[in-house]
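Listed below, chain by chain, are the residues.
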Amino acid sequence: MGGEQKSLRVGIAGLGTVGGGLLNLLADQPEAGDGRLKVTAVSARDRTRKREADISAYAWFDDPCELAASPDIDVFVELIGGSDGPAKRAVEIALGRGTHVVTANKALLAVHGAALAALSEKTAAALLYEAAVGGGMPIVKALKESLAGTHVVAVSGILNGTCNFLLTEMEASGRSFEDVLADAQRRGFAEADPTTDVSGTDAAHKICILGAIAFSAAPDFAKATIEGVDTVTLLDIRMAGKLGYKIKLLAKAERVGESVRVHVHPALLPVAHPLAQIGGALNAAMVDAEPVGRLTFIGRGAGAGPTAAAVAADLIDLVYDAHRPVFGRPVKALKQRGSVGAAEQGRYYVRLLVHDRPGVIAAVSNELGRAGVSIESFLQDPGEAGADVPIVLTTRPGPRQALNAAVDAIAGLEVTAAAPRVIPIEDGAGAPRNWS
Ligand SMILES: NC(=O)c1ccc[n+]([C@@H]2O[C@H](COP(=O)([O-])OP(=O)(O)OC[C@H]3O[C@@H](n4cnc5c(N)ncnc54)[C@H](OP(=O)(O)O)[C@@H]3O)[C@@H](O)[C@H]2O)c1
């Protein structure tokens, strides 16, 4: 494939945002990959659709699986999307016959990555996916190649630009989640169906992939714990702000003994935390690794140009025959690490809504004390005085189980007006210490 000075014949399936961006990028940069990248064929659903890029010079395939099976391509670029369906079938066909695959499809890799990696090894076909995580932010190669000599402790990130945009807008404008989402949809910053983004699923796909590379373990999407941004209220953003925190959708993969914990959830980050400073639709990933310490990557996680640039980088690797095993190590060397569920220990933000009556604070403190939960700070917002008032407290590090018991008891108090809200606090500790 792609021998010494031969061109790499590229077939592209999916001509939407990323596929169109890739065609335009390759047309604009004919010198990319030493001029040895040659698009020969394309596939999408509708041949007659008006497209950003000119496709008249390429062979057309109605069926991406037929393109994947074509002997006239050296690399199959899958830009259709979805964990199953035609994207999966076509990638399996290409890998099965020894044709290299480049994809931006995080859902496919998070759910079927281990099986696809095994197939890729069996036929010695590369499976590259820099664009699948962080779009134009080069975190896949950074973890797989540049940091291959380190011991990664944790990878955390803001991996969904739509969610970060929504949270940033809520904070800046003081508008509700529903308002900001509707506006973002009108302006094209959020999908017509935003479920995959706002539910945390998209970020979970991405962190599963990063966790697999970082910890030499097969991705295991089914074991990730996921909570989205759709439960974040303006009240919590405002109260967290008063305490010196921002609420972000945190995606994290971390070592817990011999296991890996992969989770996505809203978290309070101190304003000085590197990830708290990522605003708008940007993505960021923070790697804690020994002996290099903490590294932070920031970049544009989506969009035609940045994502196409990541796909092009993978194609250029193929031109020079420079690629690693799918998750950094051969499949047989990937550990069966198993996954553990949500964190059992930590600091938490707890927001209550209570009737404005004497004795409320004593009643709440009593339940917390009874469960052994130690309070770090306590804030009652005077501006909210009225029938029901928010009370916010942060806890000292302690078991989640004890906090859950206290919160259940508080929820049952006669003075409690609404279900308490608990959000984990990520204080940024846990950076490797022995960096010297
Ligand atoms: N958009 C981003 O910024 C971004 C960033 C990172 C990763 N990604 C990933 O990149 C992939 C593509 O995303 P996108 O935003 O470019 O999607 P998109 O704009 O919706 O384009 C999807 C393309 O796939 C084609 N397609 C859909 N179903 C098909 C089928 N059954 N058979 C053949 N072709 C089919 C569509 O054909 P028609 O054009 O004929 O309808 C369209 O050209 C996804 O995996 C996505 O998660 C996207």
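Figured I'd write up the structure that's included with this text. (Residues numbered from 1 in each chain as written. Predicted model: local features only at pLDDT ≥ 70, side-chain atom pairs only at ≥ 80, totals over all residues. Heavy atoms only, no water.)

Here we come to the overall build of the chain. When helices and strands are tallied, the chain shows 13 helices and 18 strands. Relative to its length of 436 residues, the chain is compact, with a C-alpha radius of gyration of 24 Å against a globular reference of 22 Å. For the C-alpha atoms alone, the extent of the chain along its principal axes is close to 80 × 45 × 35 Å. When the 436 residues of the chain are sorted by exposure, 52% land in the buried category. Expressed as a percentage of contacts within the chain between residues at least 6 apart in sequence, the contacts between residues at least 24 apart total 75%. If you sum the accessible surface of the chain, you get close to 18,200 Å²; carbon and sulfur atoms cover 51% of it. Here the chain contributes 43 positively and 49 negatively charged side chains, and the mean placements of these two sets differ by 3 Å. (Helix = DSSP H or I, 4+ residues; strand = E, 2+ residues; numbered from the N terminus. Rg over C-alpha atoms; globule rule 2.2 N^0.38 Å. Buried < 20%, exposed > 50% of the residue type's maximum accessible area, 1.4 Å probe, protein only. Contact = heavy atoms within 4.5 Å. Areas by Shrake-Rupley, 256 points an atom, 1.4 Å probe, with all protein chains shown as cover. Lys, Arg positive; Asp, Glu negative; His and termini not counted. Charge placed at Lys NZ, Arg CZ, Asp CG, Glu CD.)

A pair of packed helices is captured by two measures, namely the crossing angle of their axes and the spacing between those axes. Helix H13 (residues 400–411) packs onto helix H12 (residues 360–371) with a crossing angle of 150 degrees between their chain directions and a minimal axis gap of 8 Å. Comparing the axis directions of H12 and H13 gives the class roughly antiparallel. Between H12 and H13 the crossing geometry is right-handed. Two secondary-structure elements touch here, H12 through Val364, Glu367, Leu368 and Ala371 and H13 through Ala402, Leu403, Ala405, Ala406, Ala409 and Ile410. Its residues assigned to classes, the contact of H12 with H13 comprises nine nonpolar, no polar and one charged. (Axes fitted to C-alpha atoms, helices over the stretch in contact; angles between N-to-C directions. Parallel < 35°, antiparallel > 145°, perpendicular 65-115°, else oblique. Left-handed = near helix turned anticlockwise from the far one by under 90°. Nonpolar A, V, L, I, M, F, W, Y, C, P; charged D, E, K, R; others polar.)

Taken together, the neighbourhood of the ligand is formed by 22 residues, with Leu15, Val18, Asp46, Arg49 and Gly303 sitting nearest. Contact distances for the ligand include 3.1 Å between an oxygen atom and a backbone N or O atom of Gly16. In the environment of the ligand, an oxygen atom lies 2.8 Å from a nitrogen or oxygen atom belonging to the side chain of Arg51. Grouping the constituent residues of the shell around the ligand by class yields ten nonpolar, seven polar and five charged. (Near = heavy atom within 4 Å. Polar contact = N/O pair within 3.5 Å; in protein donor to acceptor, adjacent residues only side chain to side chain.)

A few words on the pattern of salt bridges. On inspection of all chains with the given rule, the structure shows 21 salt bridges. With its nearest N and O atoms 2.8 Å apart, the salt bridge here joins Asp317 to Lys141. With Asp317 in helix H11 (residues 304–319) and Lys141 in helix H5 (residues 139–146), the pair connects residues that are 176 residues apart, well separated along the chain. Comparing Asp317 with Lys141, the two get one shared label, buried. Arg187 is the partner of Asp183 in a salt bridge, and the nearest nitrogen-oxygen pair spans 3.3 Å. Residue Asp183 is classed as buried on the basis of its relative accessible area, which comes to 14%. (Salt bridge = Lys/Arg side-chain N within 4 Å of Asp/Glu carboxyl O.)

What follows covers the pairing of strand S10 (residues 259–270). The buried count for S10 comes to twelve of twelve residues, which makes it a mostly enclosed element. Two elements, strand S8 (residues 225–226) and S10, share two bridges in a ladder whose sense is parallel. For Ile226, the partnering residue across the bridge sits in S10 and is Val264. The pairing of strand S9 (residues 245–256) with S10 spans twelve bridges and is classified as antiparallel. Following the sheet pairing, Tyr245 is matched in S10 by Pro270. Between the end of S9 and the start of S10, which pair antiparallel, lie two residues, with Gly257 showing a positive phi angle near 60 degrees. (Pairing = 2+ DSSP bridges.)

Turning our eyes to something else, we now look at the side chain of Thr394. Take Thr394: it is sitting in strand S16 (residues 388–395). We classify Thr394 as buried; its relative accessible area is 1%. Among the polar contacts listed, one links the side chain of Thr394 to the side chain of Ser377, at a separation of 2.6 Å. Non-local contacts of Thr394, meaning those with residues more than four positions away in its chain, are made with Leu243, Tyr348, Tyr349, Ile375, Glu376, Ser377 and Ile425.

A few words on the sheet that holds strand S2 (residues 37–43). On the basis of which strands lie adjacent, the open sheet formed by six strands has the order S3-S2-S1-S4-S5-S6 and parallel pairing. Two strands bound the open sheet, and with one partner strand each, they are strand S3 (59–61) and strand S6 (127–128). When strand S1 (residues 8–13) meets strand S4 (residues 75–78), the two strands line up parallel, connected through four bridges. Residue Gly11 lies in a different strand from S4, and its bridge partner there is Phe76.

A separate point is the packing of aromatic side chains. Per the counting criterion, the structure on display carries two aromatic pairs. Between Tyr129 and Phe327, the ring centres sit 5.9 Å apart and the planes meet at 50 degrees, which makes this aromatic pair tilted. You can see Tyr129 sitting in the loop between S6 and H5 and its partner Phe327 sitting in the loop between H11 and strand S13 (339–340), a full 198 residues away along the chain. The exposure class of Tyr129 is buried, given its relative accessible area of 1%. Classification of Phe327 by relative accessible area gives buried; the value is 1%. Taken together, a centroid distance of 4.6 Å and an interplanar angle of 40 degrees make the contact between Phe165 and Phe189 tilted. With Phe165 in helix H6 (residues 161–173) and Phe189 in the loop between helix H7 (177–186) and helix H8 (195–198), the pair connects residues that are 24 residues apart, well separated along the chain. (Phe/Tyr/Trp six-rings, centres within 6.5 Å; stacked < 30°, edge-to-face > 60°.)

Here the focus is empty space enclosed by the protein. With the rule as written, the count across this model stands at one cavity of 30 Å³ or more. Here the largest cavity is characterised by a volume of approximately 60 Å³. Surrounding the largest cavity, Leu128, Tyr129, Glu130, Val140, Lys141, Lys144, Glu145, Asp314, Asp317 and Arg324 form its lining. Only H5 and H11 provide two or more residues apiece to the lining of the largest cavity. Taken together, the residues of the lining of the largest cavity sort by class into three nonpolar, no polar and seven charged. (1 Å grid on protein atoms, 1.4 Å probe; cavity = no way out; pocket = protein on both sides within 12 Å on 5 of 7 lines; lining within 4 Å. Points joined across faces, edges and corners; volume = space filled by probe spheres on them.)

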